[in-house]
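# What the coordinates show
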Amino acid sequence: MHRYREIARDITMQIAEGAFDATGMLPPEAQLAVTYDVSRGTVRNALVLMARQGAIAPRRGSGWLVRTTALSQRFSEMRSFAQWARSRGMEPGGRVVAQRRRAATASEVRRFRGGHGIGEVLEVVRLRMLNGRVVMLERTAYPSWIAPLVEDLSPEEPSVVGALEARGVRMVHGEHAIDAIAAPSEDARLLDVRRSSPLLRVNRVSYAADGRAIEAGDDRYLPDVMTFQVQASLQGMSLTRQTG
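Scope of this entry: the structure provided in the associated data block. (Residues numbered from 1 in each chain as written. Predicted model: local features only at pLDDT ≥ 70, side-chain atom pairs only at ≥ 80, totals over all residues. Heavy atoms only, no water.)

## Observations regarding the side chain of Arg-5
- Within the secondary structure, Arg-5 is located in helix H1 (residues 3-16).
- Taking relative accessible area as the criterion, Arg-5 reaches 16% and is therefore assigned buried.
- Excluding residues that lie within four positions of it along the chain, Arg-5 makes contacts with Leu-49, Asp-210 and Gly-211. (Helix = DSSP H or I, 4+ residues; strand = E, 2+ residues; numbered from the N terminus. Buried < 20%, exposed > 50% of the residue type's maximum accessible area, 1.4 Å probe, protein only. Contact = heavy atoms within 4.5 Å.)

Set out below in structure tokens:
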């Protein structure tokens, strides 16, 4: 692993653990260079990577601002369906309906930023439940570096994110795109709705602290059970999930 990626991962973990004031600044680049015994250029590369991942933001003339704790908490809500459900007193469930290894599509290579030898992916199709009711169909592609960990999970594992974290893989950054679609035949069958029924679709990509892509997902929610809310502030924007 490149040294700057190791530094980015270490600082990101410190932020997650509350080592820095959530409304304050990181130490100066020169100080970080001394702390990690590297050049200032290496530190700058680490900070630029963290900025792309949303952990910090540049402030002209004053250094790097740590994102707010509230924004971090809301990312925690978005990255884990099960953790979000439990935080609201609901019981999450999951059931794998199909799983296979296949070649990555051109779209997946782009979404994984084309790096880290993306060639083969593990595709998992999973139904998600709340209090026993099916509310979402999830299609997720995992790159080959993490596929064996996912294949070892139970088909009814309620929290894939939690299970991966227990194995040392932590998501620190995510990208989400939301739109509406008409349910194709396969989705309608799995979700037990009529063909062409409206579905809320979330395309997402999640990354580890070292910049590697962990998963690319296509989640399709029943619209009567889920909504999404965007909040904006000077520090950035957050996306939260809410029951309908």
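There is more to say, and it comes next.
## Side note on the environment of Glu-29
- Checked against the element boundaries, Glu-29 lands in helix H2 (residues 29-36).
- Measuring from C-alpha to C-alpha, the distance between Glu-29 and Arg-44 comes to 7.1 Å, with 15 residues separating the pair along the chain.
- Leaving out residues up to four positions away in the same chain, Glu-29 has contacts with Arg-40, Val-43, Arg-44, Leu-47 and Trp-64.
- Here the side chain of Glu-29 touches Arg-40 through a polar contact of 3.2 Å, side chain to side chain. (Polar contact = N/O pair within 3.5 Å; in protein donor to acceptor, adjacent residues only side chain to side chain.)

## Focus: the sheet that holds strand S8 (residues 213-221)
- As summarised here, the arrangement of the 6 strands in space is S3-S4-S5-S8-S7-S6, forming an open sheet in which the pairing is antiparallel. The open sheet has two edge strands, strand S3 (92-103) and strand S6 (171-182), and neither has a second partner. For this sheet, the mean angle separating the axes of adjacent strands, direction not counted, is 20°. (Pairing = 2+ DSSP bridges. Axes fitted to C-alpha atoms, helices over the stretch in contact; angles between N-to-C directions.)

## Brief notes about H2
- Of the residues making up H2, those classed as buried are Glu-29, Leu-32, Ala-33 and Tyr-36. The buried residues of H2 occupy an angular sector of 105° when the element is viewed end-on, so they sit on one face. In H2, the exposed positions angled more than 90 degrees off the buried face are occupied by Val-34 and Thr-35.
- Asp-37 sits one or two residues past H2 and shows a positive phi near 55°. (Arc of directions from axis to C-beta.)

## Quick look at the nonpolar core
- Residues Phe-81, Trp-84, Leu-130, Tyr-221 and Met-226 are the most contacted members of the largest nonpolar core, which totals 24 residues.
- Where this core is concerned, the elements lending two or more residues are helix H5 (81-87), strand S4 (120-130), strand S5 (133-143), helix H9 (185-191), strand S7 (198-208) and strand S9 (226-233).
- Counting residues per element, this core draws most heavily on S4, which supplies 4 residues.
- One finds Leu-32, Ala-33, Tyr-36 and Trp-64 within the second-largest nonpolar core, a separate group that totals 19 residues. (Core = buried A, V, L, I, M, F, W, Y, C linked by side-chain atoms within 4.5 Å.)

## Section: helix H3 (residues 40-52)
- Here H3 spans 18 Å end to end across 13 residues, near enough to the 18 Å set by a 1.5 Å rise per residue.
- Of the residues one or two after H3, Gly-54 is the one with positive phi, at around 90°. (Expected span 1.5 Å × (residues − 1).)

## Considerations on the packing of aromatic side chains
- Under the criterion given, the structure shown has 1 aromatic pair.
- Aromatic pair Phe-81 and Trp-84: ring centres 5.9 Å apart, planes at 40°, arrangement tilted. Remark: Trp-84 and Phe-81 occur in helix H5; sequence separation between them is 3 residues, near one turn of the helix.
- Overall, the relative accessible area of 1% leaves Trp-84 in the buried class. (Phe/Tyr/Trp six-rings, centres within 6.5 Å; stacked < 30°, edge-to-face > 60°.)

## Focus on the pairing of S5
- The buried fraction of S5 amounts to 8 of the 11 residues, a majority that puts the element mostly inside the structure.
- Pairing geometry for S4 and S5, over 10 bridges, is antiparallel. Within S5, the position partnered with Arg-126 by the bridge is Glu-138.
- Counting the residues that bridge the hairpin from S4 to S5 gives 2 residues, and of these Asn-131 lies at a positive phi of roughly 50°.

## Some thoughts on the pattern of salt bridges
- Evaluated as defined, the whole model comprises 20 salt bridges.
- Ionic pairing is found between Arg-100 and Glu-123, a salt bridge with its closest N-O pair at 3.0 Å. Of this pair, Arg-100 sits in strand S3 while Glu-123 sits in strand S4, and the two are 23 residues apart along the sequence.
- Looking at Arg-100, the relative accessible area reads 47%, which means it is partly exposed.
- In this structure Glu-123 comes out as buried when scored by relative accessible area, which is 17%.
- Across the pair Asp-219 and Arg-204 runs a salt bridge whose closest N-O atoms are separated by 2.6 Å. Highlighted residues: Asp-219 in strand S8 and Arg-204 in strand S7, separated in sequence by 15 residues. Arg-204 shares its class with Asp-219; the two are buried.
- Via salt bridges that share partners, Arg-126, Arg-128, Glu-138, Arg-204, Glu-215 and Asp-219 belong to a single interconnected network. (Salt bridge = Lys/Arg side-chain N within 4 Å of Asp/Glu carboxyl O.)

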